[in-house]
Structures are given as structure tokens and as C-alpha cells.
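Next come the chains, spelled out residue by residue.
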Amino acid sequence: MAKISIVTSFFSETIEMVEGLYENVKRCNVDWEWIVTNDFSNNPDLEDKLIDISGRDVRVRKIIQRSKREIFRNPSLYADGDFIFHIDGDDRFNPVYLEHALIWFKRFPEVICIISGCRWGYRDWE
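Residues numbered from 1 in each chain as written. Predicted model: local features only at pLDDT ≥ 70, side-chain atom pairs only at ≥ 80, totals over all residues. Heavy atoms only, no water.

Within the chain, F40 stands out as a residue other than glycine whose phi angle is a positive 65 degrees. Mapped onto the secondary structure, F40 falls in the loop between strand 2 (31-38) and helix 2 (44-56). If you check the backbone angles, R69 has positive phi at about 65 degrees while not being a glycine. By the secondary structure assignment, R69 is in the loop between strand 3 (60-63) and helix 3 (70-73). (Helix = DSSP H or I, 4+ residues; strand = E, 2+ residues; numbered from the N terminus.)

For the rest of this paragraph, the subject is the side chain of T8. Assignment of secondary structure puts T8 in strand 1 (residues 3-10). In terms of polar contacts, T8 uses its side chain to reach the side chain of W34, at 2.8 Å. Those residues within four positions of T8 in sequence are excluded, and the remaining contacts are L21, W34, I35, V36, T37, I87, D88 and G89. (Polar contact = N/O pair within 3.5 Å; in protein donor to acceptor, adjacent residues only side chain to side chain. Contact = heavy atoms within 4.5 Å.)

With respect to the element layout, T37 can be found in strand 2. Apart from the residues within four sequence positions on either side, T37 is in contact with T8, S9, F10, L50, I63, I64, Q65 and I71.

At a closest axis distance of 10 Å, the pairing of helix 1 (residues 15-26) and helix 2 adopts a crossing angle of 20 degrees. Judged by the inter-axis angle, helix 1 sits roughly parallel to helix 2. Crossing geometry of helix 1 relative to helix 2 is assigned as right-handed. Between helix 1 and helix 2, the residues in contact are I15, V18, E19 and Y22 and D45, L46, K49, L50, I53 and R56, respectively. Partitioned by chemical class, the residues of the contact of helix 1 with helix 2 number 6 nonpolar, no polar and 4 charged. (Axes fitted to C-alpha atoms, helices over the stretch in contact; angles between N-to-C directions. Parallel < 35°, antiparallel > 145°, perpendicular 65-115°, else oblique. Left-handed = near helix turned anticlockwise from the far one by under 90°. Nonpolar A, V, L, I, M, F, W, Y, C, P; charged D, E, K, R; others polar.)

Below is the structure:
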């Protein structure tokens, strides 16, 4: 089974958004790792939350960047997976999204990038 690296850099997201995305990632039925970083936010609670999540789950690795947007610009720097998905800190995705992407990558090995659409919606982050 292929391993998926999910890469997220957080800056202005709330703690609830971070925890919500983590809950979203945990529902994925693939072999995954989640690379997270604080993208030089001034919110000390954000740093604490990322440390907390990475301490609770060995699949989550918190990275300290050397420069702003380092992981955003080059997500493969710290990723160990066969496929890399950049997920923004304020995004959510269907838990089967990564499974479906793997099906297409396996079916068409010449494909190197899958771009998905989205539907904008606003709601309270729980």
C-alpha cells in the first residue's frame, strides 16, 4: 500500500480549525503521515496545539521551518510518502478523497498531479 504525506503549514488558523483538520485527517483510510508546521504565527497557542497533536499521534510530525512558507513552497522537504498532498489549514476534505486519488495514480502511473475542485461553504468550526 502506498504511503500518503499530507503537508499543512498553519499561520492564522484557530485552534479549533487545527483540531478539526486533524479529526478530518484521522478519518482517512490510507497509510498516512501528516507533516505540520507553524508558519511563523504570533499565536503561541497554535504552536502548543501542534506540539500536542504530534505528541499524541506518531503519524503527525511537527517541523520547524527555517524560513516563512518553506514547506508550502517545497512540501517534499520533509515528506516520506509516495504521494504528497498539500492541504491548507482552513480546508476540509472528504475522508475518501485520498483513497480515490490513490486509485487514479495506480490506474494511470504517468499522472504526476491531481487537482481537485471544491465547493465553498462557511460554518462554525467544531
